[in-house]
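Each chain, letter by letter, is given below.
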Amino acid sequence: KQEVTQIPAALSVPEGENLVLNCSFTDSAIYNLQWFRQDPGKGLTSLLLIQSSQREQTSGRLNASLDKSSGRSTLYIAASQPGDSATYLCAVIPNTGNQFYFGTGTSLTVIP
Amino acid sequence: SAVISQKPSRDICQRGTSLTIQCQVDSQVTMMFWYRQQPGQSLTLIATANQGSEATYESGFVIDKFPISRPNLTFSTLTVSNMSPEDSSIYLCSVNQGGTGELFFGEGSRLTVL
């Protein structure tokens, strides 16, 4: 069974810093990897989707990379802002089946 | 991207009662997914709802506790039956869409059982 781990569990940075969130998965036979943002008590907002044939995706200040062979993905956030404070989750979908496997999330606080 | 509306957004319920959560999507989708997120935890898939067939439940979830309806390609409901405080969670409806399989979520329904 696929296991997804995110480190660190929590991160606090001053405004303006660049930061990296990590996601690792145990089975490299994945179809997609997706990064989400979740504000407290709310649903998930899709940030970036990386298909298995891709190495990275970019959207604004966000850049996500994927290394299937090592079972790792990173989400890079440039010039962090207080509005970036949220929990960030990664999820993988394997080559077979429809279930997404979610990580435990990284809670990010950006201090003004 | 799909736009998903969930109702209610939150509710406080008494032990032993049942609550039905509605999920409406702005486009037709084959599969709809229901997730549970317990306090401080990540997401756990409850079941997959296909239009015109019985929902497929994941291990640890049963139809008697979480009956699901899927009357058409844009709508689904999840009922949490005979609730206990352990059912206090955020319940999330999601769909994946298009050739990329990107997953989209509703705003969630935050349920508190007293």
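About the cut-offs
Residues numbered from 1 in each chain as written. Chains lettered and ligands numbered in written order. Predicted model: local features only at pLDDT ≥ 70, side-chain atom pairs only at ≥ 80, totals over all residues. Heavy atoms only, no water. Disulfide = S-S within 2.5 Å. Helix = DSSP H or I, 4+ residues; strand = E, 2+ residues; numbered from the N terminus. Buried < 20%, exposed > 50% of the residue type's maximum accessible area, 1.4 Å probe, protein only. Salt bridge = Lys/Arg side-chain N within 4 Å of Asp/Glu carboxyl O. Pairing = 2+ DSSP bridges. Axes fitted to C-alpha atoms, helices over the stretch in contact; angles between N-to-C directions.

Some details on the state of the cysteines
Residue and element names in this part refer to chain B.
Line of reasoning, step 1. As enumerated under the stated definition, the model contains two disulfides over all chains in all.
Line of reasoning, step 2. The disulfide that involves Cys-23 links it to Cys-93, with 1.9 Å between the sulfurs. Disulfide Cys-23-Cys-93: the torsion about the S-S bond is -65°, which places it as left-handed. Here Cys-23 is found in strand 3 (residues 19-25), whereas its partner Cys-93 is found in strand 9 (residues 89-97), with 70 residues between them in sequence.
Line of reasoning, step 3. This cysteine, Cys-13, is not joined by any disulfide, and Cys-23 carries the nearest cysteine sulfur, 18 Å off.
Line of reasoning, step 4. The exposure class of Cys-13 is buried, given its relative accessible area of 7%.

A closer look at the pattern of salt bridges
Residue and element names in this part refer to chain A.
Line of reasoning, step 1. Counted by the stated rule, this structure contains three salt bridges over all chains.
Line of reasoning, step 2. With its nearest N and O atoms 3.1 Å apart, the salt bridge here joins Arg-37 to Asp-39.
Line of reasoning, step 3. Classification of Arg-37 as buried rests on a relative accessible area of 17%.
Line of reasoning, step 4. Put simply, Arg-61 and Asp-84 hold a salt bridge, and the shortest N to O gap is 2.8 Å. Placement of Arg-61 in the loop between strand 6 (56-59) and strand 7 (62-67) and of Asp-84 in the loop between strand 8 (72-77) and strand 9 (86-94) is noted, with a sequence separation of 23 residues between them.

Quick word on the sheet that holds strand 8 of chain A
Residues and elements named next belong to chain A.
Line of reasoning, step 1. The strand order across the open sheet formed by five strands is 1-3-8-7-6, and the pairing between neighbours is antiparallel. Every other strand in the sheet has two partners, leaving strand 1 (4-7) and strand 6 as the edge strands with one partner each. In this sheet, adjacent strand axes meet at a mean angle of 15° when their direction is disregarded.
Line of reasoning, step 2. Both strand 3 (residues 19-25) and strand 8 contribute to a ladder of six bridges, which runs antiparallel. Counterpart to Leu-19 in the pairing with strand 8 is Ile-77.

Considerations on the sheet that holds strand 3 of chain B
The strands making up a sheet are joined through hydrogen bonds of the backbone, oriented either antiparallel or parallel.
Residue and element names in this part refer to chain B.
Line of reasoning, step 1. Read across the sheet, four strands follow the order 1-3-8-7 without closing on themselves; strand pairing throughout is antiparallel. Only two strands of the sheet have a single neighbouring strand rather than two, namely strand 1 (4-7) and strand 7 (68-72). Averaged over all adjacent pairs, the angle separating strand axes in this sheet is 15°, with direction ignored.
Line of reasoning, step 2. Bridging between strand 1 and strand 3 involves four bridges; their strand directions are antiparallel. Opposite Ile-4, over in strand 3, you have Val-25 as the bridge partner.

What about unusual backbone geometry?
Line of reasoning, step 1. Cis rather than trans, the peptide bond between A:Ile7 and A:Pro8 has omega equal to 0°.
Line of reasoning, step 2. For the bond running from B:Lys7 to B:Pro8, omega is -5°, close enough to zero to count as cis.
Line of reasoning, step 3. For B:Pro8, the location among the structural elements is in the loop between strand 1 and strand 2 (10-13).
Line of reasoning, step 4. Here A:Ala79, not a glycine, exhibits a phi torsion of approximately 45°, which is positive.
Line of reasoning, step 5. Mapped onto the elements, A:Ala79 comes out in the loop between strand 8 and strand 9.
Line of reasoning, step 6. Phi at B:Asn82 takes a positive value of approximately 45°, unusual for a residue other than glycine.
Line of reasoning, step 7. Within the element layout of this structure, B:Asn82 appears in the loop between strand 8 (75-80) and strand 9.
Line of reasoning, step 8. You can call B:Asn82 exposed: its relative accessible area is 54%.

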